[in-house]
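# Examining the three-dimensional arrangement
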Amino acid sequence: MDLRIFTEPQQGASYETLLTVAKATEDLGFDAFFRSDHYLKMGSADGLPGPTDAWITLAGLARETKRIRLGTLMTAGTFRLPGVLAIQVAQVDQMSGGRVELGLGAGWFEEEHTAYGIPFPKEKFARLEEQLAIVTGLWDTEAGETFSFDGAYYQLTDSPALPKPAQSKVPLLIGGHGATRTPRLAAQYADEFNIPFASIEDTEAQFGRVRAAAEKAGRKAGDLVYSNALVVCVGKDDAEVARRAAYLGREVEELKANGLTGSPAEVVDKIGRYAAVGASRFYLQVMDLEDLDHLELIASEVQSQLD
């Protein structure tokens, strides 16, 4: 069972803060450090000192960590041209010695696009499909050969398809709640399917759709990793759980219903219930990046029971 730390830096975090959390992630034995890809805060957070770029952050962490996997949930397809993204990810993979994973999504938060002058097209999902074909096509092209693509939104002509990642296959994550197109794309391109902030019942249903789509596409359903992203709020006692819930601005009972919340024993039990419907990896959404004691508690009292 893999536990990965998942951060939301747009809510307010400097690179130094993210570096501290990433190093703690590595030192405490977690599998990976992932971050969102957003340029604008959400909700009542002040967002200070301002946004950090996902792939610039990961490039820095690639050089300052040694073991943990590094990636995005999810890189917004609206932010980057697919050819440029393929170069960025390949370079960061080289810089990390082959520890990068790419979560790629269509993009959805219109306000951050208007805030920073980024086009927000209507045809986001169709563009995502072409982006997936281009990124994987560039990486799969043999050295010395060229890659061309003639799509509705992107055209590439005689690309040298360089550089190549350090890994022979950069793991590709696709996720979401869509009932038809999302499972189809996951079946075609993904190494991992992730469902964010979903109940056990909704998780089971969506995993079933992805499994069926994989088999229809000629893959074994078990070829994919199935994962959840869930907010985490663990405490050694009720008072500590309540304090961490208050930081999130949420009620304990609501968090218990919709996340991994409570005592270590409660959280281990709920992870087991998600595992029973097929989840083998969890992205723990950690919002208070100054609270390293939270990570230590999860490592010592939750992760230790899952090994």
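Description of the structure in this document. Treat the numbers as computed from the prediction; the structure is a model and nothing was measured.

Conventions we followed
- Residues numbered from 1 in each chain as written.
- Predicted model: local features only at pLDDT ≥ 70, side-chain atom pairs only at ≥ 80, totals over all residues.
- Heavy atoms only, no water.
- Helix = DSSP H or I, 4+ residues; strand = E, 2+ residues; numbered from the N terminus.
- Rg over C-alpha atoms; globule rule 2.2 N^0.38 Å.
- Buried < 20%, exposed > 50% of the residue type's maximum accessible area, 1.4 Å probe, protein only.
- Salt bridge = Lys/Arg side-chain N within 4 Å of Asp/Glu carboxyl O.
- Pairing = 2+ DSSP bridges.
- Phe/Tyr/Trp six-rings, centres within 6.5 Å; stacked < 30°, edge-to-face > 60°.
- Lys NZ or Arg CZ within 6 Å of the ring centre and 35° of its normal.
- Axes fitted to C-alpha atoms, helices over the stretch in contact; angles between N-to-C directions.
- Parallel < 35°, antiparallel > 145°, perpendicular 65-115°, else oblique.
- Left-handed = near helix turned anticlockwise from the far one by under 90°.
- Contact = heavy atoms within 4.5 Å.
- Core = buried A, V, L, I, M, F, W, Y, C linked by side-chain atoms within 4.5 Å.
- Expected span 1.5 Å × (residues − 1).
- Arc of directions from axis to C-beta.

Attention now goes to the overall build of the protein. When its secondary structure is counted, the protein shows eleven helices and twelve strands. Taking 2.2 N^0.38 as the reference for a compact globule, 307 residues should give roughly 19 Å; the C-alpha atoms of the protein span a radius of gyration of 19 Å, in line with that estimate. Judged by the C-alpha coordinates and their principal axes, the protein covers about 60 × 45 × 35 Å. Here the protein holds 307 residues, and 54% of them are scored as buried.

All right, on to the pattern of salt bridges then. Applying the stated criterion to the full structure yields 17 salt bridges. Between Glu192 and Arg281 there is a salt bridge, and its shortest N-O distance comes to 2.6 Å. Taken together, the positions of Glu192 in strand β9 (residues 192–196) and Arg281 in strand β12 (residues 281–286) put the pair 89 residues apart, joining distant regions of the chain. Like Arg281, Glu192 is buried.

The next point concerns the pairing of strand β8 (residues 172–175). Pairing geometry for strand β5 (residues 100–105) and β8, over two bridges, is parallel. Note that in β8 the partner of Gly103 across the bridge is Leu173. One ladder, built from three bridges, connects β8 with β9; its direction is parallel. The partner of Leu173 across the bridge, within β9, is Glu192.

Position of Gly222 relative to the elements: it lies in the loop between α7 (200–216) and β10 (225–234). The exposure class assigned to Gly222 is exposed, which follows from its relative accessible area of 60%. In the structure, Gly222 is positioned 153 residues away from Arg69 in sequence and 21 Å away in space, judged by C-alpha atoms.

With that settled, the discussion passes to the packing of aromatic side chains. The tally for this structure, following the rule as stated, stands at seven aromatic pairs. Between Tyr39 and Phe79 the ring centres are 4.6 Å apart and the planes differ by 25 degrees, which places this aromatic pair in the stacked class. Of this pair, Tyr39 sits in the loop between β2 (32–35) and α2 (54–64) while Phe79 sits in the loop between β4 (75–76) and α3 (82–96), placing them 40 residues apart in sequence. Each member of the pair Tyr39 and Phe79 is classed as buried. Clustering of aromatic rings is evident, with ring pairs tying together Tyr39, Phe79 and Tyr116. One Lys or Arg, Arg181, reaches over the ring of Phe125 and ends 4.2 Å from the middle of that ring. Sitting over the ring of Tyr226, Arg211 keeps its end group 4.4 Å from the ring centre.

Contact geometry for α3 and helix α5 (residues 124–140): axes closest at 9 Å, N-to-C directions at 45 degrees. Classified by the angle their axes make, α3 and α5 are oblique. Considering only the axes of α3 and α5, their crossing is right-handed. Residues Pro82, Gly83, Leu85, Ala86, Val89 and Ala90 of α3 touch α5, and the partners they reach there are Gln131, Ile134, Val135, Leu138 and Trp139.

What follows is about the nonpolar core. Residues Leu3, Trp55, Leu102, Phe282 and Val302 are the most contacted members of the largest nonpolar core, which totals 79 residues. Not counting residues within four places of it along the chain, the set of residues in contact with Leu3 comprises Phe30, Asp31, Ala32, Ile271, Phe282, Leu284, Ile298, Val302, Gln303 and Leu306. The next biggest cluster of nonpolar side chains, apart from the first, holds seven residues, and it includes Phe6, Leu73, Leu173 and Tyr283.

So, about α7. Counting along an α-helix, one turn takes 3.6 residues, and residues three or four places apart therefore face a common direction. Along its 17 residues, α7 runs 24 Å from first to last C-alpha, staying within 8% of the 24 Å computed at 1.5 Å per residue. Of all the residues in α7, the buried ones are Ile200, Thr203, Gln206, Phe207, Val210, Ala213 and Ala214. Buried residues of α7 fall within an arc of 150 degrees about the axis and therefore sit on the same side. For α7, the exposed residues lying more than 90 degrees away from the buried face are Glu201, Glu215 and Lys216. Elements in contact with the buried residues of α7: α6 (181–189), β9, β10 and α10 (264–276).

Here the focus is the pairing of strand β7 (residues 155–159). Looking at chain direction, strand β6 (residues 147–150) and β7 are connected through three bridges and run antiparallel. Each bridged residue has a counterpart across the sheet, and for Phe147 the counterpart in β7 is Ser159.

Its 17 residues give α5 an end-to-end C-alpha distance of 24 Å, which sits within 8% of 24 Å, the value for a rise of 1.5 Å per residue. Counting buried residues in α5 gives 13 out of 17 residues, a clear majority hidden from the surface.

This part takes up unusual backbone geometry. Across the junction of Leu48 and Pro49, the peptide omega takes the value 10 degrees, indicating a cis bond. In this structure, Pro49 sits in the loop between β2 and α2. Unlike most non-glycine residues, Asp158 shows phi in positive territory, near 50 degrees. Here Asp158 lies in strand β7.

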